[in-house]
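# Summary of the model geometry
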Amino acid sequence: FLLQRAFKIVESSFGPNHLQVSLTLLSLGAAYGCSGEHNQALDSFNRAMPILVQHYGETHSETAYYRIYLGDILRGLGRVEEAISMLEGCLKRLE
């Protein structure tokens, strides 16, 4: 993926905990998810989410959006109960 190369450039330019690193990882994860590579998508999202939460907080709409996407990745992996839990937690944070 071109995004893999972009991620390496962004990480080396901004450092590992920069918001742009998280956003690039999320884009990479979304690309993996669209191509059916759910394990790689999950790895990218799991690495990106703590950085995203650090910058936006738990209740920000961007955090919620990507948690919903993460729930969809979990569903794609057949981890339906985890997906449901992720989505329910997202709703509670936004109330």
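Whatever comes next refers back to the structure up there.
Residues numbered from 1 in each chain as written. Predicted model: local features only at pLDDT ≥ 70, side-chain atom pairs only at ≥ 80, totals over all residues. Heavy atoms only, no water.

## Here we look at the packing of helix α1 (residues 2-14) against helix α2 (residues 19-34)
Close contact between α1 and α2 brings their axes to 9 Å; oriented N to C, the two are set at 165°. Taken together, the axis directions place α1 and α2 in an arrangement best described as roughly antiparallel. Between α1 and α2 lies a crossing of left-handed hand. Mapping the contact onto sequence places Leu3, Gln4, Ala6, Phe7, Val10, Glu11 and Phe14 in α1 and Gln20, Val21, Thr24, Leu25, Ser27, Leu28, Ala31 and Tyr32 in α2. (Axes fitted to C-alpha atoms, helices over the stretch in contact; angles between N-to-C directions. Helix = DSSP H or I, 4+ residues; strand = E, 2+ residues; numbered from the N terminus. Parallel < 35°, antiparallel > 145°, perpendicular 65-115°, else oblique. Left-handed = near helix turned anticlockwise from the far one by under 90°. Contact = heavy atoms within 4.5 Å.)

## Some words on the side chain of Thr63
Mapped onto the elements, Thr63 comes out in helix α4 (residues 61-76). A relative accessible area of 0% places Thr63 in the buried class. If we ignore the near neighbours within four places in the chain, the residues touching Thr63 are Met49, Leu52, Val53, Tyr56, Gly57 and Glu58. (Buried < 20%, exposed > 50% of the residue type's maximum accessible area, 1.4 Å probe, protein only.)

## Some remarks on the pattern of salt bridges
Inspection of every chain in the model, using the stated rule, returns 5 salt bridges. Residue Arg47 pairs with Glu11 through a salt bridge whose shortest N-O separation is 2.4 Å. With Arg47 in helix α3 (residues 38-56) and Glu11 in helix α1, the pair connects residues that are 36 residues apart, well separated along the chain. Across the salt bridge formed by Arg79 and Glu82, the nearest N and O atoms sit 2.7 Å from each other. (Salt bridge = Lys/Arg side-chain N within 4 Å of Asp/Glu carboxyl O.)

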